[in-house]
Amino acid sequence: MKILWGVCGSFCNHEAVWQQVEQMSSRWQISAILSENTARLDTRFSSAEQRCQKLRQLTGRPLMTTLQEAERTGPIDHFEAMIIAPATATELNKLTLGIYDTPVALAAKAMLRNERPVVLGIASNDFLGISGVHLMTLKQMRHIYLVPFRQDDWVNKPNSLVSEWTLIEPTLQAALQGRQLQPVLLEGRGQP
């Protein structure tokens, strides 16, 4: 089964997500599509080249990093499902508003047009802030499934939500059956 994996910012979560890509790549044929920032920005967590090299190694396939490559995900390159993890508030806000100006958003549009499941593993310091309305809007859309999430540090970052990365594959399996893995909202981390 061919799975498209979209990768957005939230660079501090990449290592945990890579562990899931590595585990799942033995059971699924995974191709990766990256946001422009993920493909091009060096951060304190890794350089763009290190990030891209790691994903090429994990998937064994070339990476997609342009809008032109994303266009192929609908009519030419067919995938059974798409995972976007980590999915930032910016990317989700664009999807909710129908703005498809990034490779990941354009690929998600193609998947939804073809009525394929899109699994969102979220990570943002703003999902309980103004971006929350977009998260809840997407939750109601057909073919959108959320990897269960929690407040990751409700003391120091009260608006922050992060998916439980180990639940990506169970969420994908449920999505392929047309159902949302439950519970979506997990108990938070942090101490008062």
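Each remark here, short or long, concerns the structure printed above.
These numbers come from a predicted model, not from an experiment.

By size, the foremost hydrophobic cluster in this structure holds 30 residues, and its most contacted members are Met82, Ile84 and Leu120. When contributions to this core are tallied by element, the ones reaching two or more residues are β3 (81-87), α5 (89-97), α6 (103-113), β4 (118-124), α7 (132-139) and β5 (144-146). In terms of residues, this core owes the most to one element, α6, which gives seven residues. Residues within four places of Met82 in sequence aside, it is in contact with Leu4, Gly6, Ile33, Val104, Ala107, Ala108, Met111, Pro117, Val118 and Val119. Core analysis: the second largest hydrophobic core is formed by 28 residues, Val7, Val17, Ala32 and Ile168 among them.

As a volume, the largest pocket reaches approximately 190 Å³. Along its surface, the largest pocket is lined by 13 residues, and Gly9, Asn37, Thr88, Thr90 and Glu91 are the ones closest to its centre. Listed by contribution, the elements that provide at least two residues to the lining of the largest pocket are α2 (36-40) and α5. At four residues, α5 tops the list of elements feeding residues into the lining of the largest pocket. Class assignment of the residues belonging to the lining of the largest pocket gives a composition of two nonpolar, eight polar and three charged. Roughly 160 Å³ of volume is contained in the second largest pocket. Every residue lining the second largest pocket is listed: Ser10, Cys12, Asn13, Thr88, Ala123, Ser124, Asn125, Asp152, Lys157, Ser160, Leu161 and Val162. Going through the elements one at a time, β4 and β7 (161-163) are the ones with two or more residues in the lining of the second largest pocket.

What counts, and where the lines are drawn
- Residues numbered from 1 in each chain as written.
- Predicted model: local features only at pLDDT ≥ 70, side-chain atom pairs only at ≥ 80, totals over all residues.
- Heavy atoms only, no water.
- Core = buried A, V, L, I, M, F, W, Y, C linked by side-chain atoms within 4.5 Å.
- Buried < 20%, exposed > 50% of the residue type's maximum accessible area, 1.4 Å probe, protein only.
- Helix = DSSP H or I, 4+ residues; strand = E, 2+ residues; numbered from the N terminus.
- Contact = heavy atoms within 4.5 Å.
- 1 Å grid on protein atoms, 1.4 Å probe; cavity = no way out; pocket = protein on both sides within 12 Å on 5 of 7 lines; lining within 4 Å.
- Points joined across faces, edges and corners; volume = space filled by probe spheres on them.
- Nonpolar A, V, L, I, M, F, W, Y, C, P; charged D, E, K, R; others polar.

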